[in-house]
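The chain contents come next:
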Amino acid sequence: MKISNWIWSIIAVLSLNVCNLNASTVQPDKNLGIIPQPTQVTLKNANASMQMLKVYIPAQWYSSYYSTLFAEVNAVQLSTQKEANVVLIEHPNLLPEHYQLDINQDRVIIKASNAKGFQYGLVSLAQMVQYLGFPLPQVSIEDAPKFGYRGMHLDVSRHFFTIDEVKQHLDYLAYYKFNRFHWHLTDDQGWRIEIKKYPKLQEIAAYRDETLIGHYSDQPHQFDGVRYGGYYTQEMIKDIVRYAADRNIEVIPEVDIPGHSQATLSAYPEFGCENKAYKAATLWGVFEDVLCPNEATFKFLEDVMDELMALFPGKYIHIGGDECPKVAWKNSAFCQELIKRENLGNEEGLQSYFIRRVAAYIQSKGREIIGWDEILEGGLAQGAVVMSWRGVDGGLEAAAQNHDVIMTPNSHCYFDYYQSEAPGEPISIGGFIPIEKVYDWDPIPSELAVEKRKYILGGQANLWTEYIKTYSHVQYMSYARGMALSETLWSSDKDYRRFLNKFEQHYNHWKKKGANVAFHIYDLKYHVQTKMGMPVQLYFDAPEQASIYYNLDDQVYNLMDGKDTMTIEKPGKYTFVASKNNQRGRPMTLDFNLHKGTRAQIQLETLPSSRYAGRGPYSLINGLYGPDSKYGGSEWLGFSGDDCIGTIELPELTSLQQVAFRFFKGEGQWIYLPSEVEVLISEDGKNFKSIHKTKDIQTNTKVASLPFSFNGEKAKFIKFVIKNHGIIEAGRQGAGYKAWLFVDEITIE
Ligand code: ACM
C-alpha cells in the first residue's frame, strides 16, 4: 500500500469517533483563543448575553487598523457611542502597552492609558470572538507584555516583496502584538530604497544580473540568467511607515554597512577600496568587497541617513555591521595609513571606527543605532544597541558593558532555518528550529547576572530570504513559529499544551484566509538509544493523546498500544505517523541500518555545539544516517571550531571489516570537511594502535563518505580523532570565523 493511502485510511476510521468541541465551551485551562496568552485570566462562572459586539472607539485612539481587524469578524462592528456595548475607558495609571478587559453580563469594558493598550485589548477581544464564538464567558483579563521589544525582521534584498505583501505582514504582526518591524533594505544582492540624492542606487544597485538556482551547496553553481530587482519609492516607504504606525508598530530600517555592500558598490565604485567595476551579487554568502572608510563614503552615508531619518520617524536606525571581511582593508594602503593615523591597532579597530563615525552622525540627530553583534569587535560605539545573532555571547558581552540588547540568536530565532525534519520541506538555508524550540526559548540567558537583565529589551525573529522567493513562502516560514514567538516575548503564563490547542484554532483561521501556514505540531520527534549488547531502542516524544502507527514492509501496525517506545530488531524503512482526532502529523520515515556499532556505547571528549547536538553522541552509532541534503536535526552533530574525538566500546572483542564515517559539507554555511581523520583500535581501552590516518577527504556532493577497510583486526574499542578544519582562510566563505564540522554516522562492520 502506498504510504499516503494507509495513512488516510487510518484517519478515515478515526474521524468517525471525533467529538466536536462545542465552540463556546470555556476551557478549564483558560484557553480563550488568545495568542499570546494574557498575563492573568479570571473566569467568572457565567456567560455574557451579547450576540453582537458594537465598539465605539473615540477619535484619539482610532486607527484604520480596526476596519481591517473587524472586517473578518462579522459579529464585531464599529458603532456610535450611544449604541456601543464595548466601551473604552482611559486609565492613566496603566503602563503604555498594558490593558484590562472585562466582559460582564451585557458589556465589555477595556481600560488602557493610550492607543497601544486599547489596540491590544481589542485584538484580544476579536480573537475571543473568532475562536470561542458566542456566548462569550464573563471574564476579567489583566494583560501586559513581558518584553518591550517584540520584533520580526524581513530581508527584502535577497528577494523583494511588494508593498501589499509587506502590509499583509504588518497585519499578521499586529494580530500577535509584535511592535517592531525590522526591514532589511540593503544587501549585496540589491539596494531596495529610493535615495533621491543617489539615483544610481535605483538605476543600478536595485538590480542583479541573475540569481543562483537551488542551494549554495549544490555544485557546480547554476544561475537562472534572469535580471532581478526592484525598490520602494519614498512614497511607498511613507505609506508603509504610516500603515505600521496605525498598528503601533515601529519600522526599523536597516542599511547594512560596511559589509554586505556589493550592490552599493555596483552603483558607486568610488566608495570601495579598489579601483574596479563591482556587481550586485548573484550568489548568497559573505563577500570581500566592502565599503572603504574614506571621506567620500562617510559623506554618502550621511546623505543616505538624512533621507532615511526623514522617512522613518522611529527611535532606531539599524546599520548592520555584520560579516565584514577585512581583506580589502588589509590590502588598501589608504586603510593601513588610516589605522596608523587614528591609532586603531588593526582592521577590527577600523571596523569599530567606521561604525562609531556613522553612529555619531545618527545620534547627533537624536536617534539611536542598532548593530549586529560584530559591532562589539574593536570596541562598541557609545549608546549602540546590540542585536545578538551568533548565539547569545554578543548579548551577554553587551549587557555586561551596560548596553541595551535585542536577542535574535540563530539557535532559536532564525525562521529561515528548517522547521521540520520531514522530507519534502521547501529548500532552506539549513539548520533546524522547530516550533517547540521557539516556544521554549527564554530571551534572557540564564548565565546573565540578575542586575544586567534589564538590558535585554526583548527578542526578534529574523527572516533571511535567500531561499524564500514568494510571500506565500514567507508565511510558511514565519507564521506558525511567529505565534510561538509572540507568546515567548509577551506571556508570563506559558503552557505549551494550551498553546497547541490555540495554535490549531489560529491555524484554521489563517488557512481559511488562504495563508500558507506550516503545521508541524503533530510531527513525531524521536530519540534513539543504543545500549551495550542490546538492540536499538526507539522512543517518541508523541503529542499528548495521540496514537502512533507505523508501516514496515507494507504492513501497518498500531505500534505502541499507548506506549511511546519500541525495540528495533530488524533493519529497514519504518514509516511512522501520529494521529489525534482528525488531525495527523506528517509521516516520518526512519531507515535503520543496523551495524556492529548499534549495539555499542560511545563517549565523546568534546560535546557538539548545543545548537547542533542531534540527540547526543548516540546519534553517531544509532543506525540512522543524517540526511544527504541538510545538516541540523536529530542525526548530524555539529562542532564549532572543535575536533570530534571519541571512543566506541563494542560489546565484545570484534573482528572488523570496515569503519566508515560521513561528513557534511556546506561551505556557504561555513561547514567544512575535516582536515584529518584517524582511527585507532584497542582490546583493553588503554593501549591504542593507529590503523588509519588520512587528510584526503573529498566530495563532489554535500556528504563525504570515508570508509576505512580492515582485515579482520580484533578490537573492543575504536577511537576516532576527527580534526576540525579550523579558522577559515581568507577568500573562502566564513573567512576568519571558526569552521563547523558535521559528523554522522560511524558505521562499523
Ligand atoms: C546575520 O545573520 N548575518 C546577521
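Residues numbered from 1 in each chain as written. Predicted model: local features only at pLDDT ≥ 70, side-chain atom pairs only at ≥ 80, totals over all residues. Heavy atoms only, no water.

(A) Structural view of helix α6 (residues 234–245). In this model, α6 (twelve residues) spans 16 Å end to end at C-alpha, consistent with the 16 Å of a helix rising 1.5 Å per residue. When α6 is considered as a whole, its buried residues turn out to be Gln-234, Ile-237, Ile-240, Val-241, Tyr-243 and Ala-244. Lining the buried residues of α6 we find α2 (65–71), α4 (163–175), β9 (180–184), β16 (250–257) and α8 (295–311). (Helix = DSSP H or I, 4+ residues; strand = E, 2+ residues; numbered from the N terminus. Expected span 1.5 Å × (residues − 1). Buried < 20%, exposed > 50% of the residue type's maximum accessible area, 1.4 Å probe, protein only. Contact = heavy atoms within 4.5 Å.)

(B) Examining the sheet that holds strand β23 (residues 536–541) more closely. Reading across from one edge, β22-β23-β26 is the order of the three strands in this open sheet, with antiparallel pairing throughout. On the outer flanks of this sheet lie β22 (525–529) and β26 (565–568), each paired with one strand and no other. Ignoring which end each strand starts from, the neighbouring axes of this sheet average 25° apart. Summarising the sheet, β23 and β26 pair through four bridges and their orientation is antiparallel. Across the sheet, residue Tyr-539 finds its bridge partner in β26, namely Thr-565. (Pairing = 2+ DSSP bridges. Axes fitted to C-alpha atoms, helices over the stretch in contact; angles between N-to-C directions.)

(C) Representation of the sheet that holds strand β37 (residues 714–723) within the structure. If you walk across this open sheet you meet the five strands as β30-β32-β37-β34-β35, and the pairing is antiparallel. Each edge of the open sheet is held by one strand with a lone partner, namely β30 (601–604) and β35 (689–694). Direction aside, the axes of adjacent strands within the sheet are offset by 20° on average.

(D) Representation of the pattern of salt bridges in the model. Throughout the structure, instances matching the rule amount to 33 salt bridges. Between Asp-187 and Arg-158 there is a salt bridge, with the nearest N and O atoms lying 3.3 Å from each other. Linking Asp-187 in strand β10 (residues 186–187) with Arg-158 in the loop between β8 (149–155) and α4, this pair joins segments that are 29 residues apart in sequence. Look at the salt bridges and you will find they share partners, linking Asp-155, Arg-158, Asp-187 and Glu-466 into a network. (Salt bridge = Lys/Arg side-chain N within 4 Å of Asp/Glu carboxyl O.)

(E) Representation of the packing of aromatic side chains in the model. Taken as a whole, this structure holds 55 aromatic pairs when the rule is applied. Taking the centre distance of 6.3 Å and the plane angle of 80° together, the rings of Trp-183 and Phe-312 count as edge-to-face. Pair noted here: Trp-183 is in strand β9 and Phe-312 is in the loop between α8 and β17 (316–320), with a separation of 129 residues, a long-range link. These aromatic residues form a ring-pair network of at least three members: Tyr-439, Tyr-496, Phe-499, Phe-503, Tyr-507, Phe-519 and Tyr-522. Cation over ring: Lys-177 sits above Trp-490, and NZ or CZ is 5.6 Å from the ring centre. Residue placement shows Lys-630 over the ring face of Tyr-418; its charged tip is 4.1 Å from the ring centre. (Phe/Tyr/Trp six-rings, centres within 6.5 Å; stacked < 30°, edge-to-face > 60°. Lys NZ or Arg CZ within 6 Å of the ring centre and 35° of its normal.)

(F) Expanded view of helix α11 (residues 347–364). Here α11 is 18 residues long and its end C-alpha atoms lie 25 Å apart, about the 26 Å a rise of 1.5 Å per residue gives. Among the residues of α11, Glu-347, Gly-349, Leu-350, Gln-351, Ser-352, Tyr-353, Phe-354, Ile-355, Val-358, Ala-359, Tyr-361 and Ile-362 are the ones counted as buried. Elements in contact with the buried residues of α11: β16, α8, β17, α9 (327–330), α10 (333–341) and β18 (368–372). Put simply, Asn-346 is the residue that caps the front of α11, since its side-chain oxygen is 3.1 Å from the backbone nitrogen of Glu-348. Where α11 ends, the next residue or the one after it, Gly-366, has phi of about 85°, a positive value. (Polar contact = N/O pair within 3.5 Å; in protein donor to acceptor, adjacent residues only side chain to side chain.)

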